[in-house]
Amino acid sequence: TKCESGCVCADGLYENLDGRCVPAEECPCEYGGLAYGRGEQIQTECEICTCTKGKWKCVQKTRCSSTCNLYGEGHITTFDGQRFVFDGNCEYILATDGCSVNRPISSFKIVTENVICGKSGVTCSRSISIYLGNLTIILRDETFAISGENPGVQYKVMKNALHLMFDIIIPGKYNMTLIWNKHMNFFIKISRETQETICGLCGNYNGNMKDDFETRSKYVASNELEFVNSWKENPLCGDVYFVVDPCSKNPYRKAWAEKTCSIINSQVFSACHNKVNRMPYYEACVRDSCGCDIGGDCQCMCDSIAVYAMACLEKGICIDWRTPEFCREF
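Residues numbered from 1 in each chain as written. Predicted model: local features only at pLDDT ≥ 70, side-chain atom pairs only at ≥ 80, totals over all residues. Heavy atoms only, no water.

J.: Would you take a moment to explain the sheet that holds strand E8 (residues 65-71) for this structure?
T.: Strands belonging to one sheet form pairs held by backbone hydrogen bonds; the direction of such a pair is parallel or antiparallel. Strand order across the open sheet formed by seven strands is E10-E9-E8-E19-E18-E17-E16, with antiparallel pairing between neighbours. Taken across any chain shown, the strands that pair with only one partner, and hence form the sheet edges, are strand E10 (83-85) and strand E16 (154-159). Between one strand axis and the next, the sheet turns by 15° as a mean value, whatever way the strands run. Inspection of the sheet shows strand E9 (residues 75-77) paired to E10 by three bridges, in the antiparallel sense. Across the sheet, residue Thr-77 finds its bridge partner in E10, namely Arg-83. (Pairing = 2+ DSSP bridges. Helix = DSSP H or I, 4+ residues; strand = E, 2+ residues; numbered from the N terminus. Axes fitted to C-alpha atoms, helices over the stretch in contact; angles between N-to-C directions.)

J.: Explain helix H5 (residues 279-291) to me, please; I cannot follow it from the model alone.
T.: Residue pairs three or four apart in sequence face the same way in an α-helix, which turns once every 3.6 residues. Relative to the 18 Å expected for 13 residues at 1.5 Å per residue, H5 spans 18 Å between its end C-alpha atoms, a close match to the ideal helical length. Counting buried positions over the 13 residues of H5 gives 10, a clear majority of the element. When we look at burial in H5, the residues that qualify are Tyr-281, Tyr-282, Ala-284, Cys-285, Val-286, Arg-287, Asp-288, Ser-289, Cys-290 and Gly-291. (Expected span 1.5 Å × (residues − 1). Buried < 20%, exposed > 50% of the residue type's maximum accessible area, 1.4 Å probe, protein only.)

J.: How do you make sense of the domain arrangement of the protein chain when you look at a structure like this?
T.: A common way to express how large an interface is: the accessible area buried when the components associate. Once the domains are mapped, the protein chain shows domain 1 (13-60), domain 2 (64-230) and domain 3 (246-315). Taken residue by residue, the interface counts 20 residues in domain 2 and 18 residues in domain 3. Interface area, domain 2 with domain 3, both sides summed: about 1700 Å², of which 56% is carbon and sulfur. Inspection of the region where domain 2 meets domain 3 yields zero salt bridges. The tally of links from domain 2 across to domain 3 stands at four residue pairs in polar contact (both at pLDDT 80 or more). (Domains from an automatic or database assignment. Contact = heavy atoms within 4.5 Å. Buried area = accessible area lost by both parts, 1.4 Å probe. Salt bridge = Lys/Arg side-chain N within 4 Å of Asp/Glu carboxyl O. Polar contact = N/O pair within 3.5 Å; in protein donor to acceptor, adjacent residues only side chain to side chain.)

J.: Got a minute to help me understand the nonpolar core in this structure?
T.: The tendency in soluble globular proteins is for nonpolar side chains to be buried as a group. Ranked by size, the top nonpolar core spans 46 residues in total, and within it Leu-94, Phe-108, Ile-110, Leu-132, Met-176, Ile-188 and Leu-201 carry the most contacts. If sequence neighbours within four positions are ignored, Leu-132 has contacts with Ser-107, Phe-108, Ile-137, Asn-150, Val-153, Ile-168, Ile-170 and Met-176. (Core = buried A, V, L, I, M, F, W, Y, C linked by side-chain atoms within 4.5 Å.)

J.: Mind showing me how you'd approach the environment of Gly-291 here?
T.: Within the fold, Gly-291 resides in helix H5. Residue classification places Gly-291 among the buried residues on the basis of a relative accessible area of 0%. Along the primary structure Gly-291 and Asn-204 are separated by 87 residues, whereas in three dimensions their C-alpha atoms are 30 Å apart.

J.: Mind showing me how you'd approach the state of the cysteines here?
T.: Note on terminology: a disulfide is the covalent bond linking the sulfur atoms of two cysteines. Under the criterion given, the structure shown has 10 disulfides. Here Cys-99 engages in a disulfide with Cys-199; their sulfurs sit 2.0 Å apart. Here the S-S torsion is close to -90°, and the disulfide linking Cys-99 with Cys-199 is therefore left-handed. On the criterion of sequence distance, the pair formed by Cys-99 in the loop between strand E11 (91-97) and strand E12 (109-116) and Cys-199 in strand E20 (residues 198-199) is long-range, its members being 100 residues apart. Cys-199 shares its class with Cys-99; the two are buried. Here Cys-302 connects covalently by a disulfide to Cys-327, the sulfurs 2.0 Å from one another. (Disulfide = S-S within 2.5 Å.)

J.: Is there a simple way to think about the pairing of strand E17 (residues 164-170) in this case?
T.: The two faces of the sheet receive side chains in turn, since in a regular strand these alternate between them. Burial analysis of E17 places five of its seven residues in the buried class, the great majority of the element. By the bridge criterion, six bridges tie E16 to E17 in an arrangement that is antiparallel. Bridge assignment links Lys-156 to a residue of E17, and that residue is Asp-167. A loop of four residues connects E16 with E17, the two strands running antiparallel in sequence. As paired elements, E17 and strand E18 (residues 174-180) share seven bridges and run antiparallel to each other. Residue Ile-168 lies in a different strand from E18, and its bridge partner there is Met-176.

J.: Would you explain the packing of helix H3 (residues 254-261) against H5 in this entry?
T.: A pair of packed helices is captured by two measures, namely the crossing angle of their axes and the spacing between those axes. For the pair H3 and H5, the least separation of the axes is 8 Å and the interaxial angle reads 140°. Between H3 and H5, the crossing angle belongs to the class labelled oblique. Relative to H5, the crossing made by H3 is right-handed. Of H5, the residues touching H3 (which contributes Lys-254, Trp-256, Ala-257, Glu-258 and Cys-261) are Tyr-282, Cys-285, Val-286, Ser-289 and Cys-290. Classifying every residue of the contact of H3 with H5 gives seven nonpolar, one polar and two charged. (Parallel < 35°, antiparallel > 145°, perpendicular 65-115°, else oblique. Left-handed = near helix turned anticlockwise from the far one by under 90°. Nonpolar A, V, L, I, M, F, W, Y, C, P; charged D, E, K, R; others polar.)

J.: Even after reading the chapter, I still don't get the packing of aromatic side chains, so can you show me in this structure?
T.: Any aromatic ring pair is given by two values, namely how distant the centres are and how the planes are angled relative to each other. Taken as a whole and judged by the stated rule, the model has 13 aromatic pairs. Centre to centre, the rings of Tyr-36 and Trp-56 are 5.4 Å apart; their planes meet at 65°, and the pair counts as edge-to-face. You can see Tyr-36 sitting in strand E4 (residues 34-36) and its partner Trp-56 sitting in strand E7 (residues 55-60), a full 20 residues away along the chain. Ring geometry for Phe-84 and Phe-86: centres 6.3 Å apart, planes at 35°, overall tilted. With respect to class, Phe-84 is no different from Phe-86; both count as buried. (Phe/Tyr/Trp six-rings, centres within 6.5 Å; stacked < 30°, edge-to-face > 60°.)

J.: Would you mind going over the environment of Pro-171 with me for this structure?
T.: Position of Pro-171 among the secondary structure elements: in the loop between E17 and E18. Residues Pro-171 and Cys-9, 162 residues apart in the sequence, show an inter-C-alpha distance of 58 Å. Setting aside residues no more than four positions away along its own chain, Pro-171 makes contact with Gly-152 and Gln-154.

And the structure:
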């Protein structure tokens, strides 16, 4: 009805991200800030999605699992994909079941114990406790200890140069794989056979990241610190009131941190860049590298890069990024 300045596409054509006019069949799809062409696929642990006419068409996988990551100085990605950072010097419940009012009996509980590991006040996950009824597995000081027994639980321990892995089966309920890099990185992968409610810092695992900050009192917290404080295992620990920015406290380390972490943005990881959004991992790497200022600074940096490498591996992209001079395997 009126003239508008500028260029438009002819009827039946649509502008793509390059500014070209294309038919609907060639429209790209977007996910995680990245563009995907017609017919390209992305896979989550529960779905396979194909780009069709600018929209994702998703098919549910028959067996669905999800992973919660705890890495570096308090970075968490929940089962539903929510990301946050916290600095707390206490024991916190990462994941447990028996959260609903109707079924308050827990069959497992995973707890992380944090300690201060830098002058700026940042924390690192140093100890993980896994409670399975009367069976307890403690991960600490690059090794593990098992005490008690539970005939209703099956478990297997595997190890390689970099990781300790635990396959745990609670028949009729959960298949869990726990991966620990013997330092600060810990991954909980769960496939469940029931709709049992899960809760803790890893979220409620209901497919909706918007309500992941559900507190122990069953309401959704307005911010992550309120949420984190509700999941303290020991109520006598002090609450967390703010998140430390290590690069502001240690500005002399920022240039080194940005330079060493830039491998994530480099050609070394180029095959993975359109599969996994690299920016959250790069920012976490810089933050951790600024924060580890009492020895172990290279370990902090290497651990952060390893998390991105593992995310790439989950998408089927294997990156050979370690060298004898850079984050070599010990």
